[in-house]
Amino acid sequence: MSTVAVPASPPPTASEDAESLRKALQGWRADKGALVGILCRRTAAQRAAIRRAYAFLYREPLLNCFRHRLSRQCSLLSLDFWKAMILWTMDPAERDANLAHEALKKQKDENYIQVLIEVSCASTPDHLMAVRQIYLKLFGCSIEEDLAASTALQEPLRKMLVRLVSSYRYARDFVDMDVAKLEAAQLSEAIRKKQLQGDDVVRIISTRSKAQLRATFQCYKEDLGTDIVEDMSSHCKCQLGRMLKSAVWCLTSPEKHFAEVIRHSILGLGTYEDMLTRVIVSRAEIDMKQIKEEYKGRYKSSVARDVAGDTSFGYRDMLLALVGSEE
């Protein structure tokens, strides 16, 4: 469920919002509070209309204005704000295509490999298809080609990622329980033998619908008495095991994965701003409410409190506006 607080009364028109943004961007120091107050209170469709209105009125893309501001910043706090604002103002599929492209540049870092899993597994089939189309348009080749050509990623992880990003899953709720029981047994054997690279595992995780996978994982739990993620974590400590755990959560319980990413991004000294920004910006209109509930139940703290304690100034205000109030 979305945590974006869209005004109850009819908001200003897209042209009026564009004019207000223009004023906020005037001068050396932009009015970040005004930018947050407008853009972080609008839906994706409303933000798209504002971008069109801004380009029509001022003959300049709004994102180019933000990128110009980003290029002039020396303060890390301002850099984080403008990077977050650019991502938030993008069309969701365009945002995920850019995140995936950036992740492919930094694939030796598992935190960025997880971006590819999130885009592939925590999305609807139609959204993933849109991401692939925009990726091809923006970068001149398909995301599957870039992944397959990667020298930083090793097999069998590369094979799994290619299968995940190229999937188009059945989106309805039909479940075949006979298949669920069979594939639960196949997954159990693969985990027991520490053979997660097997064709059956890759096929099941990359092709089955989310409803079918939930049924399979429930059969696994009923048969063995343990959760499949727990067994992956305890029996398969390799990189592929960790990435499969992320895929399983993103496919069936994305709030668990994203709550863990938020926690990791703010735990200890410093903050992994790119991770924190990515989760809050990409999930605010989808399931941030469920992520907050999961986070509170698991870590006995609130997302808003921990974000406020680890960030500051305009960047903090923007993230908190997207996270929403804690009930």
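Everything that follows concerns the structure shown earlier in this document.
Only a predicted model underlies this, so the values are computations on that prediction, with no experimental measurement involved.

**Student:** Is there a simple way to explain the overall build of the chain in this structure?
**Tutor:** When helices and strands are counted, the chain shows 20 helices and zero strands. Radius of gyration (C-alpha) of the chain: 21 Å, near the 20 Å computed for a compact globule of 327 residues. The dimensions of the chain, computed from C-alpha atoms along their principal axes, are 65 × 45 × 40 Å. Per-residue burial for the chain yields a buried fraction of 48% across its 327 residues. For the chain, the share of sequence-separated contacts (at least 6 apart) that also reach a separation of at least 24 residues comes to 71%. About 15,600 Å² of surface is accessible on the chain, with carbon and sulfur atoms providing 53% of the total. Charge centroids of the chain, computed over 48 positive and 43 negative side chains, lie 3 Å from each other.

**Student:** What am I meant to see in the packing of helix H6 (residues 92-105) against helix H7 (residues 110-121) here?
**Tutor:** Helix packing geometry: the angle between the two helix axes and the distance between the axes. Axis separation between H6 and H7 bottoms out at 8 Å; the angle between their running directions is 145°. Once H6 is placed against H7, the crossing between them reads as left-handed. Touching Asp96, Leu99, Ala100, Ala103 and Leu104 of H6 are Tyr112, Val115, Leu116 and Val119, all from H7. In terms of residue class, the contact of H6 with H7 is made up of eight nonpolar, no polar and one charged.

**Student:** Even after reading the chapter, I still don't get the pattern of salt bridges, so can you show me in this structure?
**Tutor:** In a structure, side chains of opposite charge can pair up when their charged atoms sit close to one another. Applying the stated criterion across every chain, the model contains 22 salt bridges. Residue Asp200 is joined to Arg203 by a salt bridge in which the shortest nitrogen-to-oxygen separation is 3.4 Å. With a gap of three residues between them, Asp200 and Arg203 both fall in helix H12 (residues 199-207), about one helical turn apart. Looking at Asp200, the relative accessible area reads 36%, which means it is partly exposed. Judged by relative accessible area, which is 26%, Arg203 ranks as partly exposed. Look at the salt bridges and you will find they share partners, linking Glu183, Asp200, Arg203 and Arg208 into a network.

**Student:** I tried to follow unusual backbone geometry on my own but got confused; where do I start?
**Tutor:** Note: most residues except glycine have negative phi, and most peptide bonds are trans. In this structure, the amide linkage connecting Glu155 to the following residue, Pro156, adopts the cis form with an omega of 5°. Here Pro156 shows up in the loop between helix H9 (143-148) and helix H10 (157-165). If you check the backbone angles, Arg59 has positive phi at about 55° while not being a glycine. Along the chain, the position of Arg59 falls in the loop between helix H3 (44-58) and helix H4 (62-71). Notably, Lys194 is not glycine yet its phi reads approximately 55°, a positive angle.

**Student:** Mind showing me how you'd approach helix H13 (residues 210-224) here?
**Tutor:** Each full turn of the α-helix corresponds to 3.6 residues, which orients residues three or four apart in the same direction. Under the 1.5 Å per step criterion, the end-to-end length of H13 is 21 Å for 15 residues, consistent within 8% with the ideal 21 Å. Turning to H13, its buried residues number three or more, namely Ala211, Gln212, Leu213, Ala215, Thr216, Phe217, Cys219 and Tyr220. On its buried side, H13 packs onto helix H11 (177-192), H12, helix H14 (228-235) and helix H15 (239-252). Two residues or fewer past H13, Gly225 is found with a positive phi of approximately 80°.

**Student:** Can you help me understand H3 in this one?
**Tutor:** Here H3 contains 15 residues, and its C-alpha end-to-end distance of 21 Å stays within 8% of the 21 Å for a straight helix at 1.5 Å per residue. Those residues of H3 not exposed but buried are Arg47, Ile50, Ala53 and Tyr54. An end-on view of H3 places all buried positions within 120° of arc, on one side of the element. Among the exposed residues of H3, those pointing more than 90 degrees away from its buried face are Ala45, Arg52 and Phe56.

Quick notes on the rules
Residues numbered from 1 in each chain as written. Predicted model: local features only at pLDDT ≥ 70, side-chain atom pairs only at ≥ 80, totals over all residues. Heavy atoms only, no water. Helix = DSSP H or I, 4+ residues; strand = E, 2+ residues; numbered from the N terminus. Rg over C-alpha atoms; globule rule 2.2 N^0.38 Å. Buried < 20%, exposed > 50% of the residue type's maximum accessible area, 1.4 Å probe, protein only. Contact = heavy atoms within 4.5 Å. Areas by Shrake-Rupley, 256 points an atom, 1.4 Å probe, with all protein chains shown as cover. Lys, Arg positive; Asp, Glu negative; His and termini not counted. Charge placed at Lys NZ, Arg CZ, Asp CG, Glu CD. Axes fitted to C-alpha atoms, helices over the stretch in contact; angles between N-to-C directions. Left-handed = near helix turned anticlockwise from the far one by under 90°. Nonpolar A, V, L, I, M, F, W, Y, C, P; charged D, E, K, R; others polar. Salt bridge = Lys/Arg side-chain N within 4 Å of Asp/Glu carboxyl O. Expected span 1.5 Å × (residues − 1). Arc of directions from axis to C-beta.

Read these as geometric descriptors, not functional statements.
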